[in-house]
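One-letter residues, chain by chain:
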2 protein chains.
Amino acid sequence: MFQIEKALERGKCFIKDLPLSRVLLQDDCRFPWLILVPRVPSAQEIYHLTSDQQHVLMDEVSLVSKVLQDYVQADKINIAAFGNIVPQLHIHIIARFKMDEAWPHSVVGLKGSLPYSLADRDKIVKDLSQMIFFS
Amino acid sequence: MFQIEKALERGKCFIKDLPLSRVLLQDDCRFPWLILVPRVPSAQEIYHLTSDQQHVLMDEVSLVSKVLQDYVQADKINIAAFGNIVPQLHIHIIARFKMDEAWPHSVVGLKGSLPYSLADRDKIVKDLSQMIFFS
C-alpha cells in the first residue's frame, strides 16, 4: 500500500494527485519548490519503476516544471532525485532565481525553512492545483 | 549544431554516445559520477525537449543509473538537472555511499576534484562503455 514517509510529508502541503505522482508544495517561501512522489510502494530509485511508469513520471516532471516556470518566471528550474536522507522516491522541482539567497548553489537538503503566510500558501496551492493538469 | 559548452567538458571524459545523450565521466575518484548531455542544441530545461526526446532521456537516465549501481554497488543513486552555473541541459548521475566524504549532502557544485589515476580512469571508461548499451 502506498504511503508517504512521515519525514517526507513534514513541512509540505498537498497540491494534487497526478496519474502517477502526488504533488506537494515545500512550505518555504524563499524558494518556489514542488515535490513529486510516485505512488508506487517501495520505489527508491527511478529504475525501480516500470518503463511505462518512468515515462509517465517524465511527463509529470516536465508538466510541473513548465507550470512552475510559467507561474513564477524563474531563471532556472532545478530538478533532483536524491533520497540520501529520506529514501522513498521523490523528485524535487525548484524554481531558482539569480537573486535568491542560495544561488547558484543547490538548495536540496538546506537546513531550516521560512514558511509562507497562510494566505499566500492557500493561494499558491489553489493556483497550482488548477494550473497543473494534462490537457 | 550540437556542441558541449567548454565549461561542461572541463574535467570530464567521453564514455559514449547513446541515441539521445552523450555520456561523460566526471574525473573525480571520490564519487563515481556520470553526466548525460542530450545532443539537442539550445536545450536548457527538460521541457525544452520534445515529448519523445524526454522519454528517450528517461530511458537513458534509468539505464545509466542501473549500470552505475551494478558497477559500484552504491547505497543511493543521486540524479540532478540543475544548470545554475552551466545552463546547457545536462543530468548528473552520481553513485553515493554512506561512507563517502560528503554523505548525506549533495555533491553537485562541490568545489575541487580528485582526478583518477590514468589506469583507473581508462579501466572505468572502458568498462562503462561496454556495460552501457540498450539490449
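Residues numbered from 1 in each chain as written. Chains lettered and ligands numbered in written order. Predicted model: local features only at pLDDT ≥ 70, side-chain atom pairs only at ≥ 80, totals over all residues. Heavy atoms only, no water.

Undergrad: How should the overall build of chain A be read in this particular structure?
TA: A count of helices and strands for chain A gives three helices and five strands. Walking chain A from its N terminus toward its C terminus, one meets helices and strands in the order α-β-β-β-α-β-β-α. The C-alpha atoms of chain A give 14 Å as radius of gyration, which agrees with the globular expectation for 135 residues (14 Å, within 12%). C-alpha atoms of chain A, sized along the principal axes, occupy 40 × 35 × 25 Å. (Helix = DSSP H or I, 4+ residues; strand = E, 2+ residues; numbered from the N terminus. Rg over C-alpha atoms; globule rule 2.2 N^0.38 Å.)

Undergrad: Quick question: what am I supposed to make of the sheet that holds strand β5 (residues 91–96) of chain B here?
TA: Through backbone hydrogen bonds, the strands of a sheet pair up, either in parallel or in antiparallel fashion. Strand order in the open sheet formed by ten strands is β1(A)-β2(A)-β3(A)-β5(A)-β4(A)-β4(B)-β5(B)-β3(B)-β2(B)-β1(B), and the pairing between neighbours is antiparallel. Pairing within the sheet leaves two strands with one partner each, and these edge strands are β1 (12–17) of chain A together with β1 (12–17) of chain B. Between one strand axis and the next, the sheet turns by 20° as a mean value, whatever way the strands run. Relative to the sheet, helix α2 (residues 51–72) of chain A contacts β2 (21–26), β3 (33–38), β4 (76–81) and β5 (91–96) of chain A, its axis offset from that of β5 of chain A by approximately 20°. Together, β1, β2 and β3 of chain A form the strand contacts of helix α3 (residues 118–131) of chain A, whose direction differs from that of β1 of chain A by roughly 20°. (Pairing = 2+ DSSP bridges. Axes fitted to C-alpha atoms, helices over the stretch in contact; angles between N-to-C directions. Contact = heavy atoms within 4.5 Å.)

Undergrad: Teacher, can you tell me more about the pairing of strand β3 (residues 33–38) of chain B here?
TA: Within a regular beta strand, the side chains point alternately toward one face of the sheet and then the other, so they alternate between its two faces. All names here are of chain B. With six of six residues buried, β3 is to be regarded as a mostly interior element. Burial of β3 is two-sided: the residues Trp 33, Ile 35 and Val 37 facing one way and the residues Leu 34, Leu 36 and Pro 38 facing the other way are all buried. Here strand β2 (residues 21–26) folds back onto β3, and the loop between the two strands holds six residues. As defined by bridge partners, β3 adjoins β5 across four bridges and the pair is classed as antiparallel. By the bridge assignment, Leu 36 is partnered in β5 with Ile 91. (Buried < 20%, exposed > 50% of the residue type's maximum accessible area, 1.4 Å probe, protein only.)

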